[in-house]
Amino acid sequence: QLHLADDKFISFVPHVYAVAEKALWISDDETCFSLVEIACRIALQSQHVDVAYNLCHERLKATEESTNTRRRWRALYDMGLAFEWMVKPQEAHTQYMKALQLLESTDEISMTHEYGLVLNQLANCYQKQQMFTEAESLYQRQLSLLYEQPNINACEISAVLNNLAMNYERSGRIGQAIDIYGQALEVMTSDARTD
């Protein structure tokens, strides 16, 4: 696993960008594509917005004819993230919707986690556009999905509850926000006691 926030690693970012951009034109094999994906993620994490946009855009074009669902999903998802960093919520929304539709058209049960990620980012986009009802619906869908999993992930559940509470707070529903913030805290403390 790469620790993207590690300053020592971030210092290598320009070199990764350069190699990744060349890799796009050399081949579309797994090795080159993985390198491009790594570069995109580093660019997004380190907030190099222009570089992130360029890499994500090129990778998205490279996956247009791809039959690899995971590869195409990641390209759409990262393009949405790049647009979010550029403060373009409507463009981000479009990419997340495409990613969601792609996942809904596949039978790959193994991509449940990815489905949840898209729901969360899409809900965040709605929240930023003050579309609180739409955001609430998606947060609730993600929570249902998380609670259906055989292995409950307390961190993910708490994070979504926190987002839902923030959505209530921003829409003026303070009482509900306080209640959900409490639930998020309880999920985390219960998990800590279990450990």
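These remarks concern the structure in this document. (Residues numbered from 1 in each chain as written. Predicted model: local features only at pLDDT ≥ 70, side-chain atom pairs only at ≥ 80, totals over all residues. Heavy atoms only, no water.)

**Description of the overall build of the protein**
Part 1: Scanning the protein from terminus to terminus reveals 10 helices and zero strands.
Part 2: Counting helices and strands in the order they occur from the N terminus, the protein gives α-α-α-α-α-α-α-α-α-α.
Part 3: For the protein, the proportion of its 195 residues judged to be buried stands at 43%.
Part 4: For the protein, contacts bridging at least 24 residues in sequence account for 53% of all contacts bridging at least 6.
Part 5: Accessible surface, the protein: about 10,900 Å² in total, of which carbon and sulfur atoms supply 53%. (Helix = DSSP H or I, 4+ residues; strand = E, 2+ residues; numbered from the N terminus. Buried < 20%, exposed > 50% of the residue type's maximum accessible area, 1.4 Å probe, protein only. Contact = heavy atoms within 4.5 Å. Areas by Shrake-Rupley, 256 points an atom, 1.4 Å probe, with all protein chains shown as cover.)

**A look at the packing of helix α4 (residues 49-62) against helix α5 (residues 69-85)**
Part 1: Running from amino to carboxyl end, α4 crosses α5 at an angle of 150°, the nearest separation of the two axes being 9 Å. Relative to α5, the element α4 lies roughly antiparallel. Once α4 is placed against α5, the crossing between them reads as left-handed. Residues Val49, Tyr53, Cys56, His57, Arg59 and Leu60 of α4 touch α5, and the partners they reach there are Arg72, Arg74, Ala75, Leu76, Asp78, Met79, Ala82, Phe83 and Trp85.
Part 2: A breakdown of the residues in the contact of α4 with α5 according to their chemical character gives 10 nonpolar, one polar and four charged. (Axes fitted to C-alpha atoms, helices over the stretch in contact; angles between N-to-C directions. Parallel < 35°, antiparallel > 145°, perpendicular 65-115°, else oblique. Left-handed = near helix turned anticlockwise from the far one by under 90°. Nonpolar A, V, L, I, M, F, W, Y, C, P; charged D, E, K, R; others polar.)

**A closer look at the packing of aromatic side chains**
Part 1: Tallying each qualifying case throughout the model produces two aromatic pairs.
Part 2: Between the aromatic rings of tryptophan 73 and tyrosine 77, the centroid separation amounts to 5.0 Å while the plane-to-plane angle is 20°, which identifies the pairing as stacked. Note that tryptophan 73 and tyrosine 77 are positioned in helix α5 at a spacing of four residues, about one turn of the helix. There is no split in this pair, since tryptophan 73 and tyrosine 77 are both buried.
Part 3: Seen from their ring centres, tyrosine 77 and tyrosine 96 are 5.9 Å apart, and the 50° between their planes marks the pair as tilted. Taken together, the residues tyrosine 77 in helix α5 and tyrosine 96 in helix α6 (residues 89-104) connect sequence positions 19 residues apart.
Part 4: A residue is classified by how much of its surface remains accessible, and tyrosine 96, at 0% relative accessible area, is buried. (Phe/Tyr/Trp six-rings, centres within 6.5 Å; stacked < 30°, edge-to-face > 60°.)

**Points about the nonpolar core**
Part 1: Within the largest apolar cluster, 40 residues are counted, with the highest numbers of intra-cluster contacts made by Trp73, Tyr96, Val118 and Leu161.
Part 2: When contributions to this core are tallied by element, the ones reaching two or more residues are α4, α5, α6, α7 (112-128), α8 (132-148), α9 (154-170) and α10 (174-194).
Part 3: For this core, the element with the highest residue contribution is α5, accounting for eight residues.
Part 4: Not counting the four nearest positions on each side in its chain, tryptophan 73 is found in contact with Ala99, Leu102, Leu103, Met111, Glu114, Leu117 and Val118. (Core = buried A, V, L, I, M, F, W, Y, C linked by side-chain atoms within 4.5 Å.)

**Considering the pattern of salt bridges**
Part 1: A full pass over the atoms with the stated rule returns five salt bridges.
Part 2: A salt bridge links glutamate 104 to arginine 141; the nearest nitrogen and oxygen atoms lie 3.3 Å apart. Of this pair, glutamate 104 sits in helix α6 while arginine 141 sits in helix α8, placing them 37 residues apart in sequence.
Part 3: Under the relative-accessibility criterion, arginine 141 is labelled partly exposed at 34%.
Part 4: Notably, a salt bridge pairs arginine 173 with glutamate 136, separated by 3.1 Å at the nearest N-O pair. Separated by 37 residues along the polypeptide, arginine 173 in the loop between α9 and α10 and glutamate 136 in helix α8 bring together distant segments of the chain.
Part 5: When its relative accessible area of 18% is taken as the criterion, glutamate 136 is described as buried. (Salt bridge = Lys/Arg side-chain N within 4 Å of Asp/Glu carboxyl O.)

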